[in-house]
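Observations on chain architecture
So you can see what is in the structure, the chains are spelled out below.
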Amino acid sequence: MLRSRNLLRVTGVLAALLTVAGCSALPRSGPDGGAVESSAVARLGNPGGKTGIDYVLVDVNKSLMNYVLAAPSPASATFGMRGGGSPELPLGVGDVVSVAVFEAGAGGLFIPADAGSRPGNFITLPNQRIDKSGTLTVPYAGRIQATGRTVDAVQRDIENALANRAIEPQVLVTVLQSRSAEVSVLGDVNSPAKLELNPNGERILDVISRAGGLATPGVETYVTLQRGGRQSTVLFDDIVANPRENVYVVPGDTVYINRERRTYLAFGATGLSGRFDFAEANLTLGDALGKAGGLLDERADPTYVLVYRQVSKAELAKVGADVTRFTEDTVPVVFRANLRDPSAFFAVQQFPMQDKDILFVSNAKSVEITKFLSVVNTITSGTAGPIADVANAKSAIRSIGD
């Protein structure tokens, strides 16, 4: 009988509260949900406010961990540019070169007969810059095409042009300053610059190093290589791990370094709510909970630590989930960890977080009751009768729980 009377008293209090809550005269910062729905000309959606998105609930347990730990790394992008050794750097417009002409003896075109014997029997022409037409000028040889050609090829052309005038001429072309064999390194590096390439050849990691190295964590950094109207993007860590992706750069390349920050959202009964950076290379669910301040002892329901994520249908099928009703390539999944189970702490420290995950910790049921009673107490403050009813309601609820 006592329990029945307590239930009746609680019901009476709830009915009174519902009556008061429905009063339009109560203070409010704007229209309530009912007013918004009733005033709408048309509505798109489902009754009750449900989004209508189907999802799969997966428990974080030993079998899931066996799959997660054994899963291969996702395939990354590739530069798709293969080659053997370092590319030979051709001459180009703007390069400053020095031309030296050697003759076998005095009395030739450049070495007068009365010069006598001197070491080398050569003459060095004034330094010159390859002009916009792509040529350089050598006396008695005329204009020599230089751009797009190697130093050896230009030397042979000059020698052939002087063969009928000089005595067994040999030519040495030296690049003093290169303006065409340059690459640009931009973005999230410490010293963005346009760099002159080493004739011995340089790879992507070499030019990134010369630009001061990365200014961001490698695990969140992507490298884009632009060449000849095409571009490819690869994760920096994949270049380090896979030497085949550390390709040679060539003149005119642009290397762009870009950080794509990896973050997750934390809501609910955690110490902190908001958006958090991964920072670490491999962030686990345990790490994510720690960064978010852990579970609030007075609020959290440790049986419902949830991670929301879009998962590939093929991967989800491997763990035994029924994905036949899903038509898209990715499936909304809610991963649930029960931290009332002591062994679950081992699982959450192995479960990997992914970019843009949502971490949510539910409130315990008792917290919802307390929140309701707090609202009751606020509404009825200043009135002795309702306050007494609330006190009776609290006592009744406690007795029901007993």
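Conventions and cut-offs
- Residues numbered from 1 in each chain as written.
- Predicted model: local features only at pLDDT ≥ 70, side-chain atom pairs only at ≥ 80, totals over all residues.
- Heavy atoms only, no water.
- Helix = DSSP H or I, 4+ residues; strand = E, 2+ residues; numbered from the N terminus.
- Buried < 20%, exposed > 50% of the residue type's maximum accessible area, 1.4 Å probe, protein only.
- Contact = heavy atoms within 4.5 Å.
- Core = buried A, V, L, I, M, F, W, Y, C linked by side-chain atoms within 4.5 Å.
- Pairing = 2+ DSSP bridges.
- Axes fitted to C-alpha atoms, helices over the stretch in contact; angles between N-to-C directions.
- Salt bridge = Lys/Arg side-chain N within 4 Å of Asp/Glu carboxyl O.
- pLDDT = per-residue confidence, 0-100.

1. A short note on the overall build of the chain
Helices and strands together make up the secondary structure of the chain, namely 11 helices and 17 strands. Going through the 402 residues of the chain one by one, you find that 34% of them count as buried. A separation of at least 24 residues holds for 64% of the contacts in the chain among residues at least 6 apart in sequence.

2. Considering the nonpolar core
Grouped together as the largest cluster of nonpolar side chains are 36 residues, with contacts concentrated most on Tyr-264, Leu-285, Leu-316 and Phe-335. Looking at this core, the elements with two or more residues in it are β1 (56-59), α3 (62-70), β13 (263-268), α7 (285-291), β15 (300-312), β16 (330-337), α9 (344-348) and β17 (358-363). When near neighbours in sequence (up to four residues on either side) are disregarded, Leu-316 contacts Val-56, Val-58, Val-311, Ala-321, Val-323, Val-331 and Val-333. Ranked by size, the runner-up nonpolar core spans 21 residues in total, among them Val-189, Val-223, Val-234 and Ile-257.

3. Some points on the sheet that holds strand β9 (residues 193-196)
If you trace the 5 strands from one edge of the open sheet to the other, you get β9-β8-β12-β10-β11, paired in mixed fashion. With partners counted over all chains shown, the strands left at the sheet margins are β9 and β11 (230-235), one partner each. On average, adjacent strands in this sheet sit at an angle of 20° to one another, irrespective of strand direction. Across 4 bridges, the pairing between strand β8 (residues 182-187) and β9 is antiparallel. Looking at the pairing, Ser-184 lines up with Lys-194 of β9.

4. Description of the pairing of strand β10 (residues 221-227)
Of the pairings in the sheet, the one linking β10 to strand β12 (residues 254-259) comprises 6 bridges and is antiparallel in character. Its bridge partner being in β12, Thr-221 is matched across the sheet by Arg-259. By the bridge criterion, 6 bridges tie β10 to β11 in an arrangement that is antiparallel. Note on β11: the bridge partner recorded for Gln-226 is Gln-231. From the end of β10 to the start of β11, which pair antiparallel, there are 2 residues, and Gly-228 there has a positive phi angle of about 55°.

5. Re the pattern of salt bridges
Under the counting rule described, the total for this entry stands at 12 salt bridges. The partner of Asp-54 in a salt bridge is Arg-325, and the shortest N-O contact between them spans 3.2 Å. Note that Asp-54 is positioned in the loop between α2 (33-39) and β1 and Arg-325 in the loop between α8 (313-318) and β16, a separation of 271 residues in sequence. When its relative accessible area of 39% is taken as the criterion, Asp-54 is described as partly exposed. Asp-355 is the partner of Lys-356 in a salt bridge, and the nearest nitrogen-oxygen pair spans 2.9 Å. For Lys-356, a relative accessible area of 53% translates into the label exposed. Connected through shared salt-bridge partners, Arg-179, Glu-182 and Lys-194 make up one network.

6. Notes on unusual backbone geometry
The backbone of Tyr-140 shows a phi angle near 70°, a positive value even though the residue is not glycine. Among the secondary structure elements, Tyr-140 is positioned in the loop between β5 (135-138) and β6 (142-145). With a phi angle near 40°, Glu-168 is a residue other than glycine that sits in the positive phi range. Here Glu-168 lies in the loop between α4 (151-162) and β7 (170-177). Given the relative accessible area of 61%, Glu-168 is considered exposed.

7. So, the confidence of the model for the chain
Model confidence for the chain is summarised by a mean pLDDT of 81, while 74% of its residues fall at 70 or above. When pLDDT is averaged over each element of the chain, helix α5 (residues 204-210) comes out on top at 96 and helix α1 (residues 2-21) at the bottom at 51.

8. Examining the sheet that holds β17
Spatially, 6 strands are ordered β1-β16-β15-β17-β13-β14 in an open sheet, and the strand pairing comes out mixed. Two strands close off the open sheet at either side, each with one partner strand: β1 and β14 (274-277). For this sheet, the mean angle separating the axes of adjacent strands, direction not counted, is 25°. Note that β13 and β14 share 4 bridges and pair antiparallel. Opposite Ala-266, over in β14, you have Gly-274 as the bridge partner.

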